[in-house]
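Report on the structure
Below are the chains, spelled out letter by letter.
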Amino acid sequence: MMRALILGGIADASLLAAEIARAGIDAVYSYGGRTRTPADQPLPTRSGGFGGVSGLADYISRERITHVIDATHPFAAEMSRHAIAACAAAGTPLIALERAPWAKAPDDTWIEVVDVNAAVAALPEARANVFLAIGRQHIAPFAAKPQHAYTLRFVDPPDVPLPFAADVIVSRGPFTIDGETEMMRTRGIAWIVARNSGGDGARAKIDAARLLGLPVIMISRPNLPERKRVESVAEVMQWLGHRTCLGA
């Protein structure tokens, strides 16, 4: 009997959950627990960590999981590594649903860096208005350059003090090019720091930066061990032995 575990984190994970529910596949959707008000899913859900590799492997065995789909954020590297190791230990098939990264367009001004610390170093020394579009768990290193006027955007209001003074926008995407362009103009944004997450839901800020001629410090995705990877819900459903009916 098939039983799937979806490790959620991207918008396509919700599309996958809907398709799996429509196909009548027994499955569990797992949230990482970072968002206080996660979107409802048509499947049984759980929230929070598993307790490392051994905890996830135990969960897979205890819950009789036969297939694991890693649909976490492309920068949730620790969870992805845990999934690879746990599935190997449990002998359970694993597939990653991972959207393609954004490609630099001819009119883009990107400074491509390998990690957050390199992004901090790439910012100018002179004071500037900076939009940090990188998630709250990655902002602490920017305290090394407190001279900048930072704008942050979170899904939930911060529940702990920020490591530096910043203007916080609380909003949930997807965002539009017009909306992002207006936000950047209104706030006088001169630099954007972003992670190369890919997909359409967060792309508008990149397109807006291009329209405004603003530089983007683009953080590359972390390297992960080799694993089976696809870019669409349809490919995951085929892997599970089902056809999709997206849009039906």
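Right above here is the structure, for reference.
Residues numbered from 1 in each chain as written. Predicted model: local features only at pLDDT ≥ 70, side-chain atom pairs only at ≥ 80, totals over all residues. Heavy atoms only, no water.

Moving on to unusual backbone geometry. Phi is positive for R64, close to 55°, though the residue is something other than glycine. Structurally, R64 can be placed in the loop between α2 (52-62) and β4 (67-70). (Helix = DSSP H or I, 4+ residues; strand = E, 2+ residues; numbered from the N terminus.)

Glancing now at the sheet that holds strand β12 (residues 229-230). Pairing within the open sheet is parallel, and its 6 strands lie in the order β3-β2-β1-β4-β5-β12. Edge positions in the open sheet fall to β3 (45-47) and β12, since each of these has one partner strand only. Contacts from helix α3 (residues 77-90) reach β1 (3-7), β4 and β5 (94-97) within the one sheet, and its direction differs from that of β5 by about 160°. (Pairing = 2+ DSSP bridges. Contact = heavy atoms within 4.5 Å. Axes fitted to C-alpha atoms, helices over the stretch in contact; angles between N-to-C directions.)

Let us look at the packing of aromatic side chains. Scanning the entire structure with this criterion turns up 4 aromatic pairs. A centroid spacing of 4.7 Å and a plane angle of 45° characterise the contact between Y150 and F164, whose relative ring orientation is tilted. Linking Y150 in strand β8 (residues 149-154) with F164 in the loop between β8 and β9 (166-170), this pair joins segments that are 14 residues apart in sequence. A single burial state applies to Y150 and to F164, both of which are buried. Ring pairing ties together the aromatic residues F142, Y150 and F164, which thus form one cluster. One Lys or Arg, R46, reaches over the ring of F50 and ends 3.8 Å from the middle of that ring. (Phe/Tyr/Trp six-rings, centres within 6.5 Å; stacked < 30°, edge-to-face > 60°. Buried < 20%, exposed > 50% of the residue type's maximum accessible area, 1.4 Å probe, protein only. Lys NZ or Arg CZ within 6 Å of the ring centre and 35° of its normal.)

Looking now at the nonpolar core. Ranked by size, the top nonpolar core spans 21 residues in total, and within it I6, L16, I20, I69, L97, V236 and M237 carry the most contacts. Elements supplying a minimum of two residues to this core: β1, α1 (11-23), β2 (26-31), β5 and α7 (233-239). Considering every element that reaches this core, the biggest residue donor is α1, with 4 residues. Once residues within four sequence positions are removed from consideration, V236 is found in contact with L16, I69, I95, L97 and V230. Formed by 20 residues, the second largest nonpolar core is a distinct cluster that contains I139, F154, V193 and I219. (Core = buried A, V, L, I, M, F, W, Y, C linked by side-chain atoms within 4.5 Å.)

Our focus in this paragraph is the environment of L97. For L97, the position within the fold is in strand β5. What makes L97 buried here is its relative accessible area of 1%. For the pair L97 and M218, spaced 121 residues apart in sequence, the C-alpha separation works out to 22 Å. Once you skip the residues sitting within four places of it in the chain, L97 turns out to touch I10, D12, L16, I69, D70, A71, V230, E231, S232, V233 and V236.

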